[in-house]
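Listed here are the chains, written in short residue letters.
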Amino acid sequence: MSDCILKFWPKEEVKEIKTEQIKTGLRGSKIIGEPKELWGEQGYEAGTAMNDYFEPVLNPEWAKLYFPTIALMIEEKGYGVESGEEDFEYVDRLNVVSIKGGEGAFDSWSKMCAELEKITGDEYQGGWELL
């Protein structure tokens, strides 16, 4: 298990909760599959098309081993850690999607951010953060 998780959140602060919209959109895009519990939290299995939204694209054999180890969490409110001038700052964010479990296998996720923007109308960014 990794000490970091990959998170996605709106670039600009948003006021509207869109978690149901995100769940519906990610199901439709086949990025998420069936509900799954991980670390006592409710999330979703990786969907059949998840490998298409991240880079590097995992070879089929590695994907079969990797994707069952993760869960995608869709959170109404999730905190983030940003580096400030002197220290780290904790910030609250709305409509956060996190990938928990597994290992840090991805280094590019622009397609995932574009899909979240298409679903919500909000521009998204992503990054690895410490647990």
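Every chain's residues receive numbers from 1 upward, in the order its sequence appears when written. Per-residue local features of the predicted model are confined to residues with pLDDT of at least 70, and side-chain atom pairs are confined, for both listing and counting, to 80 or more; whole-chain, interface and lining totals are unaffected and use all residues. Working from all heavy atoms in the structure, the side-chain values ignore hydrogens and water.

1. A closer look at the packing of aromatic side chains
Two aromatic rings from Phe, Tyr or Trp, using only the six-membered ring of Trp, form a pair when their centres are within 6.5 Å; if the ring planes differ by under 30 degrees the pair is stacked, by over 60 it is edge-to-face, and anything between is tilted. Per the stated rule, a full pass over the model turns up six aromatic pairs. On the numbers, 5.6 Å between centres and 70 degrees between planes, the contact of Tyr66 with Phe67 is edge-to-face. For every residue, the accessible area (1.4 Å probe, protein chains only) is compared with the maximum for its type, and the residue is labelled buried under 20%, exposed over 50%, or partly exposed between those bounds. Judged by its relative accessible area of 4%, Tyr66 falls in the buried class. An aromatic cluster of three or more residues is present, and its members are Phe8, Phe54, Trp62, Tyr66, Phe67 and Phe106. Taking the ring centre of Trp9 as reference, the NZ or CZ of Arg93 above it sits at 3.7 Å. Only Lys NZ and Arg CZ are tested; either one counts as a charge over a ring when it is within 6 Å of the ring centre and within 35 degrees of the ring normal.

2. Here's the deal with helix H3 (residues 110-120)
Looking only at H3, the buried set comprises Met112, Cys113, Glu115, Leu116, Ile119 and Thr120. For H3, the arc enclosing every buried residue in end-on projection is 160 degrees, short of the 170-degree limit, so these residues lie on one face. Across from the buried face of H3, at angles greater than 90 degrees, the exposed residues are Ser110 and Lys118. Gly121 lies just past H3 and shows a positive phi near 85 degrees. Numbering of helices and strands runs from the N terminus; a helix is a DSSP stretch of H or I covering at least four residues, while a strand is a stretch of E covering at least two. Comment: arc refers to directions from the helix axis out to C-beta atoms.

3. A short note on the pattern of salt bridges
Pairing is possible between side chains of opposite charge, provided their charged atoms come close. Salt bridge, as used here: a side-chain nitrogen of Lys or Arg that lies within 4 Å of a carboxyl oxygen of Asp or Glu. The final tally for this structure, using the stated rule, is ten salt bridges. The salt bridge involving Glu20 is made with Lys23; its shortest N-O contact spans 3.3 Å. In this pair, Glu20 and Lys23 both sit in helix H1 (residues 19-28), three residues apart, roughly one turn of the helix. Take Glu20: its relative accessible area is 52%, and that puts it in the exposed class. With a relative accessible area of 16%, Lys23 lands in the buried category. Connected through shared salt-bridge partners, Lys7, Arg93 and Glu129 make up one network.

4. Comments concerning the environment of Gln21
The residue Gln21 is located in helix H1 in this model. Sequence-wise, Gln21 and Ile119 are 98 residues apart; in three dimensions their C-alpha atoms are separated by 7.0 Å. In protein, a polar contact means a hydrogen-donor-capable atom and an acceptor-capable atom, both N or O and within 3.5 Å, with residues adjacent in sequence counting only if both atoms are side-chain atoms; elsewhere, any N or O pair within 3.5 Å suffices. Of the polar contacts made by the side chain of Gln21, one reaches the backbone oxygen of Ile119; its length is 2.6 Å.

5. Topic: the packing of H1 against H3
Where H1 meets H3, the closest approach of the two axes is 9 Å, and the angle between their N-to-C directions is 125 degrees. As the angle between them shows, H1 and H3 are arranged oblique. As H1 packs across H3, the resulting crossing turns out to be right-handed. Here Gln21, Ile22, Gly25 and Leu26 of H1 come into contact with H3, specifically with Met112, Leu116, Ile119 and Thr120. Only C-alpha atoms enter the line fits that serve as axes; for helices the fit covers just the stretch in contact. Angles between N-to-C directions range over 0 to 180 degrees. The labels follow the angle: roughly parallel below 35 degrees, roughly antiparallel above 145, roughly perpendicular from 65 to 115, and oblique for the rest. Two helices cross in a left-handed way if the nearer one is turned anticlockwise from the farther one by less than a right angle. They cross in a right-handed way if the turn is clockwise. Contact definition: two residues touch when any of their heavy atoms are within 4.5 Å.

6. Focus on the nonpolar core
In this description, a nonpolar core means a group of buried Ala, Val, Leu, Ile, Met, Phe, Trp, Tyr and Cys residues linked to one another through side-chain atoms lying within 4.5 Å. Within the largest apolar cluster, 28 residues are counted, with the highest numbers of intra-cluster contacts made by Phe8, Leu26, Met50, Phe54, Phe67, Phe106 and Met112. For this core, the secondary structure elements donating two or more residues are strand S1 (4-10), H1, strand S3 (41-46), helix H2 (60-66), strand S4 (70-83), strand S5 (88-101) and H3. With four residues, H3 is the single largest residue contributor to this core. Contact partners of Met112, with chain neighbours within four places excluded, come to Phe8, Leu26, Ile31, Tyr53, Phe54 and Val97.

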